[in-house]
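# Topology and contacts: notes
One-letter residues, chain by chain:
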Amino acid sequence: MDLEAAIGKVSTRGIKPGLQGILSLMEELGNPHEGLAVIHVTGTNGKGSVCAMLERCLREAGFRTGLYSSPHMMDYNERFLIDGKMIDDDTLLALLEEAGKAAKRVESDLGKLPTEFEVLTAMAFLWFVREKADVVVLEVGMGGRFDSTNIFPAPLATVITSISMDHEAYLGNDITKIAWEKAGIIKPGSALVTSCDNEEAYAVIKREFEEIQKAAGLDGLESGTPPLIRVWDQCRWDTDDRGLAGQTVGITTPYRSYEGLDLSLSGTYQCSNLADVVTVWDYLAKEGFRNEPGLDPGRLTEENLRKGLASVRWPCRLELVQDKPAVILDGSHNPDGIRKLADWLSAHRAQFDQVLLVMGMVEDKDRLSAVRHLDGLVSRVIITKPLSDRAGRWQGLAEGFEKVPAQSVEFVEDCHQAVKKAIGLAGERDLVLCTGSFYLVGELRRNWIEKGLFA
């Protein structure tokens, strides 16, 4: 059975902010999620990387881990992981059938079927409970306050990564509104670690955190105030960038210092995400797993942290899939993400004779602001169409490239043909950089997996 079609029969398409749908679904299913211990992560960029690092380190520590993330690159299965392994098709379909029946039962109360994301989230919670996950790392789908993952009253810890403009149609058209939406995951009694570097956004986060703790009577040291740790203020780090091989990072958190952490993820922008991860790790190691006496904080050792960071993998984040010429897939899909990608490219541009860019973005993103970060760093541009009904006038992306000669910008609608052409034009010392949308790089990644062509 086609999974996407099956999901479509028991859910509505699109986004409907609010918690009524997921709460109704979970109540119908017996509220199994109430037994889960979770770490909740939101932000505009970096939240997926933080989740991947946390999950890998916790797994190295011997915990049975669950990871729920979105969107998927190729298949829905990627969103559901236990101990780093994707859910199998049969289990996924069985969960869909069960959650789908519950969705049909609550349809009359909701006025329509729950959304696709609500159904998928309910499926994830069911699976994690049945698989007896010790700790579940939850990535917010969008925003936070009204996201379907936001139904846990007391996470082990919460994380808010960087905040920038994205999803303005749903989250608001200024940074303070977006920050307020992200701050919705803050809970009384739960520590908050953040790498938000925007002062206006951080002011909103800080105010929300303090008001929530005060309302719960947790605003004094004697009553056990959970910490708010902004890593830009309370952590220090330095890095030896090894290019696509990752980086070696020294980092100091409010709790302790580490030298020479081997991080397998590339890009110095990952250091603030790493600071989030290590600070959460140190906090839980020191304070223990409050209200989760069955979890042993003694497992949160430096050795397990090091092993996890050295072996973490997160697809389509500066991912090298072919060599000579180098082909990189990167799922940067908004202006801030593309800016960070451009920073990496600028630092490593000298090692490539040419950079051939294959790029496609959906029309509802701020595409022109995004591509201008790459303008002047690339030699040739091939604009292609993401596999999404939101692609719209996909050719309009070219308007952002003002420094690339017009004869070096072309259009190839089929993304596989676009990459094939770029590789054909590239020499051994060139880089083919594919970016712009998860819908694009996920489809391209399928090609390398199916052909076994990873570098």
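Residues numbered from 1 in each chain as written. Predicted model: local features only at pLDDT ≥ 70, side-chain atom pairs only at ≥ 80, totals over all residues. Heavy atoms only, no water.

## Describing the packing of helix H2 (residues 20–28) against helix H4 (residues 89–110)
We count it as follows: A fitted line through C-alpha atoms serves as each axis, taken over the contacting stretch for helices, and the angle formed by two N-to-C directions is quoted from 0 to 180°. Secondary structure elements are taken from DSSP: a helix is a run of H or I of four residues or more, a strand is a run of E of two residues or more, and numbering for both begins at the N terminus. Our angle categories are set so that under 35 degrees counts as roughly parallel, over 145 as roughly antiparallel, 65 to 115 as roughly perpendicular, and the remainder as oblique. Should the near helix be turned counterclockwise from the far one by less than a right angle, the crossing is left-handed, whereas a clockwise turn marks it as right-handed. Residues are treated as being in contact if the distance between any of their heavy atoms lies within 4.5 Å. Residue polarity is assigned by list, with Asp, Glu, Lys and Arg as charged and Ala, Val, Leu, Ile, Met, Phe, Trp, Tyr, Cys and Pro as nonpolar; anything else, Gly included, falls into the polar class.
One can describe the packing of H2 onto H4 by two numbers: an axis separation of 9 Å at closest approach and a directional angle of 125°. The orientation of H2 relative to H4 falls into the category oblique. Between H2 and H4 the crossing geometry is right-handed. Between H2 and H4, the contacting residues are Gln-20, Gly-21, Ser-24, Leu-25 and Glu-28 on the first element and Ala-99, Ala-102, Ala-103, Arg-105, Val-106, Asp-109 and Leu-110 on the second. Of the residues that constitute the contact of H2 with H4, the class distribution is six nonpolar, three polar and three charged.

## Notes on the pattern of salt bridges
Heads up, the rule is: Any carboxyl oxygen of Asp or Glu that lies within 4 Å of a side-chain nitrogen of Lys or Arg is treated as forming a salt bridge with it. Relative accessibility under 20% of the residue-type maximum defines a buried residue, over 50% an exposed one, and the middle range a partly exposed one, all with a 1.4 Å probe and only protein chains included.
Using the criterion set out here, one finds 28 salt bridges in the structure. Note that Glu-60 and Arg-56 form a salt bridge whose closest N and O atoms lie 3.1 Å from each other. Taken together, the residues span about one helical turn, with Glu-60 and Arg-56 both in helix H3 (residues 47–60) at a distance of four residues. In this structure Arg-56 comes out as buried when scored by relative accessible area, which is 16%. The partner of Arg-339 in a salt bridge is Asp-343, and the shortest N-O contact between them spans 3.4 Å. Taken together, the residues span about one helical turn, with Arg-339 and Asp-343 both in helix H12 (residues 335–348) at a distance of four residues. In the salt-bridge network here, residues are joined through shared partners; they are Asp-336, Arg-339, Lys-340 and Asp-343.

## Quick look at the layout of surface pockets
Going by this rule: Cavity and pocket criteria rest on a 1 Å grid covering protein atoms alone: a 1.4 Å probe that fits but cannot get out defines a cavity, protein on both sides within 12 Å along at least 5 of 7 lines defines an open pocket, and an atom within 4 Å of a point defines a lining residue. Grid points are joined across faces, edges and corners, and a volume is the space filled by probe spheres set on the points.
One number sums up the size of the second largest pocket: a volume of about 490 Å³. Taken together, 26 residues make up the lining of the second largest pocket; nearest its centre are Glu-78, Leu-81, Arg-313, Trp-314 and Pro-315. Here the lining of the second largest pocket is built from residues that sort into eleven nonpolar, five polar and ten charged.

## A word on the state of the cysteines
What is meant by a disulfide is a covalent connection between two cysteines, made through their sulfur atoms. The cut-off we apply is this: A pair of sulfur atoms, both from cysteines and within 2.5 Å, is called a disulfide here.
In the structure shown here, the tally under the stated rule is zero disulfides. Between Cys-196, a cysteine without a disulfide, and Cys-235, which holds the nearest cysteine sulfur, the sulfur-to-sulfur distance is 14 Å. Of all cysteine sulfurs, the one in Cys-415 lies closest to Cys-434, which takes part in no disulfide; the gap is 9.2 Å.

## Topic: the packing of aromatic side chains
The geometry of two aromatic rings is summed up by the distance between their centres and the angle between their planes. Here is the rule: Each pair of aromatic rings taken from Phe, Tyr and Trp, with Trp reduced to its six-membered ring, is defined by centres within 6.5 Å and is described as stacked if the planes are under 30 degrees apart, edge-to-face if over 60, and tilted in the remaining cases.
Applying the stated criterion to the full structure yields seven aromatic pairs. For the pair Trp-394 and Phe-411, a centre-to-centre distance of 6.3 Å together with 70° between the ring planes defines the contact as edge-to-face. With a gap of 17 residues between them, Trp-394 in the loop between strand S15 (380–383) and strand S16 (409–411) and Phe-411 in strand S16 connect regions that are remote in the sequence. Accessibility expressed as a relative area gives 44% for Phe-411, which makes it partly exposed. Connected via pairs of aromatic rings, a cluster forms that spans Tyr-68, Phe-80 and Phe-117.

## Some remarks on the pairing of strand S1 (residues 38–42)
Consecutive side chains along a regular strand alternate between the two faces of the sheet. Condition: In this scheme, strands are said to pair when DSSP sees at least two bridges between them.
The buried fraction of S1 is high, at five of five residues. Burial along S1 is two-sided: Val-38, His-40 and Thr-42 and Ile-39 and Val-41, pointing in opposite directions, are all buried. Bridge count for S1 against strand S5 (residues 135–139) is four bridges, and the pairing is parallel. Bridge assignment links Val-38 to a residue of S5, and that residue is Val-136. Across four bridges, S1 lies against strand S6 (residues 157–160) in parallel orientation. Considered in S6, the bridge of Val-41 is made with Val-159.

Without other data, these values stay purely geometric and don't point to any function.
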